[in-house]
Amino acid sequence: MSDPAKTRRHAERIKELVASLVREIKDPRLGMLTVTDARITGDLRDAHVYYTVLGDQTEQASTAAALESAKGMLRTRVGHALKLRHSPSLTFVLDNVLDHAKEIDDLLAAARHRDAEVQALAAGKTFAGDADPYKSEDDEDEAEDERVGAEETR
């Protein structure tokens, strides 16, 4: 098992290397690809490379096929660049960042809509009790004055 800092450095380097090496792939199936992240196991044998593709499902599928066919070349070049004894096996994972961002935006829009409905219902309404339900020092002074006045009248 290697040092966690060394593992992070290798993962970052793999991300950079794969992003630059993808430009050299001459496969027409390869779409607009962005490498978003890379993670490598502690023994430096397996690496997961996360990527996004601009386009629809067919372009994502064709890009995945192009990456699978170029996996051997990418693995060899990454292994030589990292100067490791064994080149890490690469696994490409489609990262649906755009779908997650759209889902979060939809949830935020729904929350804003519900907040606006609540504010519209609350407009012009008053509190059921006192505006300030908590006792203040002035209230305690008045209550004490009333108690003292009641004792004097007895």
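Refer to the structure above for everything that follows.
A quick note: this is a predicted structure, and the numbers were derived from the prediction, not measured.

Here we look at the nonpolar core
Grouped together as the largest cluster of nonpolar side chains are 26 residues, with contacts concentrated most on Ile 14, Val 18 and Phe 92. With 6 residues, helix H1 (residues 4-22) is the single largest residue contributor to this core. Not counting residues within four places of it along the chain, the set of residues in contact with Val 18 comprises Val 35, Val 49, Val 78 and Phe 92.

Regarding helix H2 (residues 57-69)
Compared with the 18 Å implied by 1.5 Å per residue over 13 residues, the 19 Å span of H2 between its first and last C-alpha is a close match. Those residues of H2 not exposed but buried are Gln 60, Thr 63, Ala 66 and Leu 67. Here the buried residues of H2 occupy an arc of 125 degrees about the axis, which is enough to place them on one side. Exposed positions of H2 whose direction lies more than 90 degrees from the buried face are Gln 57 and Thr 58. Buried residues in H2 make contact with H1, strand S1 (32-40), strand S2 (46-54), helix H3 (71-82) and strand S3 (89-94).

Digging into H1
Helix length check: H1, at 19 residues, gives a terminal C-alpha distance of 27 Å against a target of 27 Å (1.5 Å per residue), a fit within 8%. Every buried residue of H1 is accounted for by Thr 7, His 10, Ala 11, Ile 14, Leu 17, Val 18, Leu 21 and Val 22. Along the long axis of H1, the arc covered by the buried residues comes to 135 degrees, so they all point the same way. Relative to its buried face, H1 has exposed residues pointing more than 90 degrees away, namely Arg 8 and Arg 9. Packed against the buried residues of H1 are S1, S2, H2, H3 and S3.

Some remarks on the side chain of Thr 63
Among the structural elements, Thr 63 can be located in helix H2. When near neighbours in sequence (up to four residues on either side) are disregarded, Thr 63 contacts Arg 29, Leu 30, Gly 31, Leu 33, Tyr 51 and Val 53.

Rules behind the numbers
Residues numbered from 1 in each chain as written. Predicted model: local features only at pLDDT ≥ 70, side-chain atom pairs only at ≥ 80, totals over all residues. Heavy atoms only, no water. Core = buried A, V, L, I, M, F, W, Y, C linked by side-chain atoms within 4.5 Å. Buried < 20%, exposed > 50% of the residue type's maximum accessible area, 1.4 Å probe, protein only. Helix = DSSP H or I, 4+ residues; strand = E, 2+ residues; numbered from the N terminus. Contact = heavy atoms within 4.5 Å. Expected span 1.5 Å × (residues − 1). Arc of directions from axis to C-beta.

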